[in-house]
Amino acid sequence: MKQRRMKIFAASIILLSGFAFLVLSMTKKESMPELTPSKLLANANTMSNQNVQLVGAISEGSSTWDAAKFKLTFAVRELEGEGTEKVNVIYNRLKPDNFIDGGNVFVEGKYDAQQNLIVATKLTTKCASKYEGAESAKTTDSS
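Residues numbered from 1 in each chain as written. Predicted model: local features only at pLDDT ≥ 70, side-chain atom pairs only at ≥ 80, totals over all residues. Heavy atoms only, no water.

A. Just the overall build of the protein chain, in detail. Secondary structure assignment for the protein chain yields four helices and seven strands. In sequence order, the secondary structure elements of the protein chain are arranged as α-β-α-α-β-β-β-β-β-β-α. Looking at the protein chain as a whole, 26% of its 143 residues qualify as buried. For the protein chain, long-range pairs separated by at least 24 residues make up 53% of all intrachain contacts whose partners lie at least 6 apart in sequence. When the accessible area of the protein chain is evaluated, it comes to approximately 10,000 Å², of which 56% is carbon and sulfur surface. (Helix = DSSP H or I, 4+ residues; strand = E, 2+ residues; numbered from the N terminus. Buried < 20%, exposed > 50% of the residue type's maximum accessible area, 1.4 Å probe, protein only. Contact = heavy atoms within 4.5 Å. Areas by Shrake-Rupley, 256 points an atom, 1.4 Å probe, with all protein chains shown as cover.)

Structure, rendered in structure tokens:
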């Protein structure tokens, strides 16, 4: 009877260890640092060939859209006027409807430090003016 309990206990430990290993390896693989262009460029060598999340604004005049190839290229700058650093982005999917120069953008993808380029797998935009009108209307109604 004791030998059977030891076997069950050993099997449980092995299964739990395997499960913990899988959870930790997936968490490490999926976690990405969220950076601004200046922080990314400051850590370019360590972040090269890593998946990153970049937050910033679309640099004015930098975007080009090739509808035939579904290829969007643009540069991301700091949200505020804190520096002139820019990171180039290539996104090979449909262009978001509210993608405009100067708009806020959130990019996920693999960073290449040599080319200062992110090949994006996910792109999220937010048009600030679209949301400001709704917010100001709420404050006007409540007064």
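B. The pairing of strand S2 (residues 51–58), seen in detail. Where burial is concerned, most of S2 is hidden: six out of the eight residues are buried. Sheet topology note: the strand S1 (residues 34–35)/S2 ladder contains two bridges and is parallel. Each bridged residue has a counterpart across the sheet, and for Leu35 the counterpart in S2 is Leu54. In this structure, S2 lies alongside strand S6 (residues 104–112), joined through seven bridges in antiparallel fashion. When the sheet's bridge partners are listed, Val52 is paired in S6 with Gly109. With two bridges connecting them, S2 and strand S4 (residues 71–77) associate as antiparallel partners. (Pairing = 2+ DSSP bridges.)

C. Main features of a nonpolar patch on the surface. Judged by side-chain polarity, Trp65, Phe70 and Leu94 come together as a nonpolar surface patch covering roughly 310 Å² of accessible area. Among the structural elements, Leu94 can be located in the loop between strand S5 (86–91) and S6. Among the residues examined, Leu94 registers a relative accessible area of 59% and is labelled exposed. (Patch = residues over 30% accessible without salt bridge, like charges linked within 9 Å, V, L, I, M, F, W, Y side chains within 5 Å. Salt bridge = Lys/Arg side-chain N within 4 Å of Asp/Glu carboxyl O.)

D. Summary view of the nonpolar core. One finds Leu40, Phe74, Val107, Tyr111, Ile118 and Leu123 to be the most contacted residues of the largest nonpolar core, which totals 20 residues. Elements supplying a minimum of two residues to this core: helix H3 (44–47), S2, S4, S5, S6 and strand S7 (117–126). Leu40 has contacts with Leu35, Met47, Val52, Leu54, Val87, Tyr111 and Ile118, leaving out every residue within four places of it along the chain. (Core = buried A, V, L, I, M, F, W, Y, C linked by side-chain atoms within 4.5 Å.)

E. Molecular detail of the pattern of salt bridges. In total, this model carries one salt bridge according to the counting rule given. For Glu60, the salt bridge identified is with Arg77, shortest N-O distance 3.1 Å. Of the two residues, Glu60 is situated in the loop between S2 and strand S3 (64–66) and Arg77 in strand S4; the sequence distance between them amounts to 17 residues.

F. Structural view of the confidence of the model for the protein chain. Mean pLDDT over the protein chain works out to 82, with 81% of the residues at or above the 70 mark. Highest mean pLDDT in the protein chain belongs to S5 (95); lowest belongs to helix H4 (residues 128–142) (45). Predicted confidence for residues 130–143 stays below pLDDT 50, and this span has one contact to residues more than four positions away or in other chains. (pLDDT = per-residue confidence, 0-100.)

G. Local environment of the environment of Val105. Relative to the elements of secondary structure, Val105 occurs in strand S6. Classification of Val105 by relative accessible area gives buried; the value is 4%. A sequence separation of 19 residues divides Val105 from Thr124, and the C-alpha atoms of the two residues are 5.8 Å apart. When neighbours within four sequence positions are excluded, Val105 is seen to be in contact with Leu54, Val55, Gly56, Ala57, Ile58, Phe74, Val76, Leu123, Thr124 and Thr125.

H. View of the environment of Phe106. For Phe106, the position within the fold is in strand S6. Measuring from C-alpha to C-alpha, the distance between Phe106 and Val55 comes to 4.8 Å, with 51 residues separating the pair along the chain. Residues in contact with Phe106, not counting those within four places in the same chain, are Glu34, Gln53, Leu54, Val55, Lys122, Leu123 and Thr124.

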